[in-house]
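Architecture at a glance
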2 protein chains.
Amino acid sequence: MKYAQEDAVEKATILFWKKGFQGSGMRDIQQALDMRPGSIYARFQNKEGLFKLVVEQYVAHSKDKLQSVADSDTPLLSLREFFKTALINPDELRYMRQCLLVKSITELELIGDVGKKAVLEGMVLLNNCFANIIEKAIETRELQETTPVAFAADWLQNQFVGLRAFAILQTDNSAIEKMIEKVLYDLTKQWPTE
Amino acid sequence: MKYAQEDAVEKATILFWKKGFQGSGMRDIQQALDMRPGSIYARFQNKEGLFKLVVEQYVAHSKDKLQSVADSDTPLLSLREFFKTALINPDELRYMRQCLLVKSITELELIGDVGKKAVLEGMVLLNNCFANIIEKAIETRELQETTPVAFAADWLQNQFVGLRAFAILQTDNSAIEKMIEKVLYDLTKQWPTE
DNA sequence: AATTTACTTGAACGATCGTTCAGATATGTG
DNA sequence: CACATATCTGAACGATCGTTCAAGTAAATT
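In this text, all values refer to a predicted model and were calculated from it rather than measured experimentally. (Residues numbered from 1 in each chain as written. Chains lettered and ligands numbered in written order. Predicted model: local features only at pLDDT ≥ 70, side-chain atom pairs only at ≥ 80, totals over all residues. Heavy atoms only, no water.)

A look at the protein's contact with DNA strand D
Within the structure, DNA strand D sits among 16 residues, and Ser39 of chain A together with Met26, Arg27, Tyr41 and Lys47 of chain B are positioned closest to it. Take the atoms of DNA strand D that sit within 4 Å of the protein: sugar and phosphate atoms are 51% of them. Measuring from a phosphate oxygen of DNA strand D, one finds a backbone N or O atom of Met26 of chain B at 2.4 Å. Contributing elements (two or more residues each) for the surface near DNA strand D: helix H3 (37–44) of chain A together with helix H2 (26–33) and helix H3 (37–44) of chain B. Here the surface near DNA strand D takes 4 residues from H3 of chain A, the largest share from any one element. (Near = heavy atom within 4 Å. Polar contact = N/O pair within 3.5 Å; in protein donor to acceptor, adjacent residues only side chain to side chain. Helix = DSSP H or I, 4+ residues; strand = E, 2+ residues; numbered from the N terminus.)

Next comes the structure, spelled out in structure tokens:
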């Protein structure tokens with residue numbers, strides 16, 4: 001039963017990821033989850049309640065992945081691999097290149113307060129994960145000690161957002177790889193002084 | 001009459017920019033343009049036809065602005081100002097921080113082929129504008145001669161996308177300014193070798 | 001002034017939207 | 001086996017969606 005719930009949320013994630021909140025109709029959801037409307041509403045309250053769970057699971061999952069990057073012996077090398085697997089994937093999984101959170105931000109005004117809150121809190125949480133990675137990379141001397149942690153975390157999250165928008169339009173994987181290299185390059189070099 | 005058309009498209013732009021293609025209902029559009037459904041359909045064919053004109057006008061407008069950056073004596077300084085005015089604006093114009101094209105990309109699958117084409121062609125066209133700016137900045141010696149033009153254009157467009165997603169969440173303008181400085185810094189410095 | 005042409009109007013269409021709820025079915029308990 | 005409880009079902013609701021079109025109004029032409 002608890003498994004069925006997580007499984008349902010996972011299926012809903014694919015749908016919302018592909019079509020967005022507004023673009024995913026209840027009938028799409030019913031089909032994707034193989035559940036009838038009554039069951040969905042009994043379990044998830046409403047469409048937004050389901051969306052909230054989707055976002056939370058997505059964030060938790062992303063957090064785990066970023067955490068294991070931070071826990072690596074060479075966080076910066078792991079970060080490169082993380083970028084690659086997130087941004088380069090077969091065509092039928094292309095929708096995953098877009099970040100679900102960023103996609104949701106573009107339709108934030110159309111989502112209710114509950115979903116909105118989940119999205120924004122998710123962004124903050126993942127920002128912390130990026131900060132952890134940078135701190136860890138300073139410890140391992142992969143990054144300079146002078147790297148401004150909080151700012152670099154914002155910057156890194158930013159780069160990820162830009163990269164994902166870039167990757168979704170790209171057919172050429174090597175262009176994406178080059179872009180990843182530039183990000184890591186700029187991360188390791190000197191930062192502008194205030 | 002021709003003026004009225006451009007004026008109508010401009011009003012539609014604000015709506016689509018705020019609410020997206022899917023999120024803007026025909027009744028919202030009717031209200032924004034102060035036109036009845038029949039007139040709208042007579043003039044623009046359908047919702048997607050209007051959207052296409054909106055995108056084309058948006059791209060043309062953006063192109064002009066980027067062109068005048070390239071035509072400046074100091075393109076890189078102008079670019080900084082361009083970023084600032086695009087990303088920092090009063091709260092009631094916050095919706096403008098998001099790029100209309102990028103916002104449209106996130107709902108590309110829900111827009112018809114006509115609108116889709118306009119969006120993708122717009123991205124390519126603006127990419128060329130970024131390339132022009134970089135070429136011009138090399139001429140003025142603001143950028144190193146070794147700067148890889150096409151790649152830097154992709155990268156710059158990317159940065160712009162990331163910055164806009166960042167700016168829309170940000171309340172602190174100085175954080176945005178710092179991020180702009182980092183972009184310009186990374187642009188002028190050495191690029192990673194292949 | 002009469003007639004043609006160009007444009008606007010707004011009620012109405014069928015489709016789809018998110019949501020509800022009375023009844024059917026399955027599961028747990030004594 | 002009888003009964004209580006939890007879960008699921010699917011027809012149906014009112015609202016809203018994009019769109020159409022016969023009728024009305026304004027402008028241009030003769």
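Once the structure has been displayed, the description carries forward.
What to know about the packing of aromatic side chains
All names here are of chain A. One pass over the structure, following the stated rule, counts 22 aromatic pairs over all chains. Ring centres 6.1 Å apart and planes at 40 degrees place the aromatic pair Phe82 and Phe83 in the tilted group. In terms of burial, Phe82 and Phe83 fall into one category: buried. Consider the rings of Trp155 and Trp191, whose centres lie 5.2 Å apart with planes at 75 degrees: the pair is edge-to-face. (Phe/Tyr/Trp six-rings, centres within 6.5 Å; stacked < 30°, edge-to-face > 60°. Buried < 20%, exposed > 50% of the residue type's maximum accessible area, 1.4 Å probe, protein only.)

A few points about the nonpolar core
Core analysis: the largest hydrophobic core is formed by 136 residues, its most contacted members being Leu79 of chain A together with Leu79 of chain B. Setting aside anything within four residues of it in sequence, one finds Leu79 of chain A in contact with Val69, Ile133, Leu156, Leu184 and Leu187 of chain A. (Core = buried A, V, L, I, M, F, W, Y, C linked by side-chain atoms within 4.5 Å. Contact = heavy atoms within 4.5 Å.)

Some words on the confidence of the model for chain A
Taken as a whole, chain A shows an average pLDDT of 95; of its residues, 98% reach a score of 70 or greater. Mean pLDDT per element in chain A: helix H1 (residues 2–23) of chain A is the minimum at 91, and helix H4 (residues 47–71) of chain A is the maximum at 98. (pLDDT = per-residue confidence, 0-100.)

A word on the environment of Thr146 of chain B
Here Thr146 of chain B shows up in the loop between helix H7 (113–139) and helix H8 (149–169). When the C-alpha positions of Thr146 of chain B and Trp191 of chain B are compared, they lie 8.3 Å apart, and in sequence the two are 45 residues distant.

Quick look at the protein's contact with DNA strand C
Near DNA strand C, the surroundings consist of 15 residues, among which Met26, Arg27, Tyr41 and Lys47 of chain A together with Ser39 of chain B are the closest. Sugar plus phosphate, as a fraction of atoms of DNA strand C within 4 Å of the protein: 50%. Ser24 of chain A is positioned with one of its backbone polar atoms (N or O) 3.4 Å from a phosphate oxygen of DNA strand C. One of the backbone nitrogen or oxygen atoms of Gly38 of chain B is found 3.1 Å away from a base oxygen of DNA strand C. Of all the elements, H3 of chain B adds the most residues to the surface near DNA strand C, at 4 residues. The residue inventory of the surface near DNA strand C, partitioned by class, reads 4 nonpolar, 6 polar and 5 charged. (Nonpolar A, V, L, I, M, F, W, Y, C, P; charged D, E, K, R; others polar.)

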